[in-house]
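Next come the chains, spelled out residue by residue.
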Amino acid sequence: GVHRQILFTTVGWFAGYYLCKRMEYMHAKLDRELFEYVRHHPEDFKAAEKRRIGELLEDFHPVR
């Protein structure tokens, strides 16, 4: 009956809340580890040189 629907809704909400919090924790932990690695190994992550937009795009040749 209705009491089962309320029970399953409540259980589903708590399970979803727990799983979302766990997912956020796992992603935060991974981000922290990756940023720490980048901070300790700057030679592996050199900044790219700035290029102008004209260097990125190909020459335009209209087709007639």
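Residues numbered from 1 in each chain as written. Predicted model: local features only at pLDDT ≥ 70, side-chain atom pairs only at ≥ 80, totals over all residues. Heavy atoms only, no water.

Named according to an unreviewed UniProt entry, the chain is NDUC2 dehydrogenase originating from Eurystomus gularis. Under Sequence similarities (unreviewed entry), UniProt gives the following word-for-word description of the chain: "Belongs to the complex I NDUFC2 subunit family." The annotation that UniProt attaches to the chain under Subcellular location (unreviewed entry) is "Mitochondrion inner membrane". (UniProt positions renumbered as here; feature names shortened; annotations may be inferred.)

Participant: I'm lost on the overall build of the chain in this one. Help?
Facilitator: When its secondary structure is counted, the chain shows two helices and zero strands. For 64 residues, the compact-globule formula gives about 11 Å, and the C-alpha radius of gyration of the chain, at 25 Å, lies well above that figure. Summarising its shape, the C-alpha atoms of the chain cover approximately 70 × 50 × 10 Å along the three principal directions. When the 64 residues of the chain are sorted by exposure, 0% land in the buried category. Positive and negative charge centroids in the chain, built from 11 and 10 side chains respectively, lie 9 Å apart. (Helix = DSSP H or I, 4+ residues; strand = E, 2+ residues; numbered from the N terminus. Rg over C-alpha atoms; globule rule 2.2 N^0.38 Å. Buried < 20%, exposed > 50% of the residue type's maximum accessible area, 1.4 Å probe, protein only. Lys, Arg positive; Asp, Glu negative; His and termini not counted. Charge placed at Lys NZ, Arg CZ, Asp CG, Glu CD.)

Participant: Help me out: how do you make sense of the environment of V38 in this one?
Facilitator: Looking at the element boundaries, V38 is found in helix α1 (residues 2-40). Spatially, the C-alpha atom of V38 lies 41 Å from that of V11, the residues being 27 residues apart in sequence.

Participant: Help me understand the pattern of salt bridges in this model?
Facilitator: Side chains bearing opposite charge may pair, as long as their charged atoms lie close to each other. Overall, the coordinates contain two salt bridges when judged by the stated rule. The residue K21 makes a salt bridge to E24 at a minimum N-O spacing of 3.9 Å. Linking K21 with E24, this pair stays in helix α1, spanning three residues, or about one helical turn. With a relative accessible area of 46%, E24 lands in the partly exposed category. A salt bridge links E36 to R39; the shortest N-O distance between them is 2.7 Å. With E36 and R39 both in helix α1, this residue pair falls three residues apart, about one helical turn. Residue E36 is classed as partly exposed on the basis of its relative accessible area of 33%. You can call R39 exposed: its relative accessible area is 57%. (Salt bridge = Lys/Arg side-chain N within 4 Å of Asp/Glu carboxyl O.)

Participant: Looking at this model, I keep getting lost on the packing of aromatic side chains. Mind explaining?
Facilitator: Aromatic rings in a pair are described by how distant their centres are and how their planes are angled relative to each other. Applying the stated criterion to the full structure yields three aromatic pairs. Measuring from centroid to centroid gives 5.5 Å for W13 and Y17, while their planes differ by 10°, and the two rings are stacked. Remark: Y17 and W13 occur in helix α1; sequence separation between them is four residues, near one turn of the helix. Residue classification places W13 among the exposed positions, given a relative accessible area of 54%. Aromatic side chains Y37 and F45 sit 6.1 Å apart centroid to centroid with 90° between the ring planes, which places their arrangement in the edge-to-face category. Connected via pairs of aromatic rings, a cluster forms that spans W13, F14 and Y17. (Phe/Tyr/Trp six-rings, centres within 6.5 Å; stacked < 30°, edge-to-face > 60°.)

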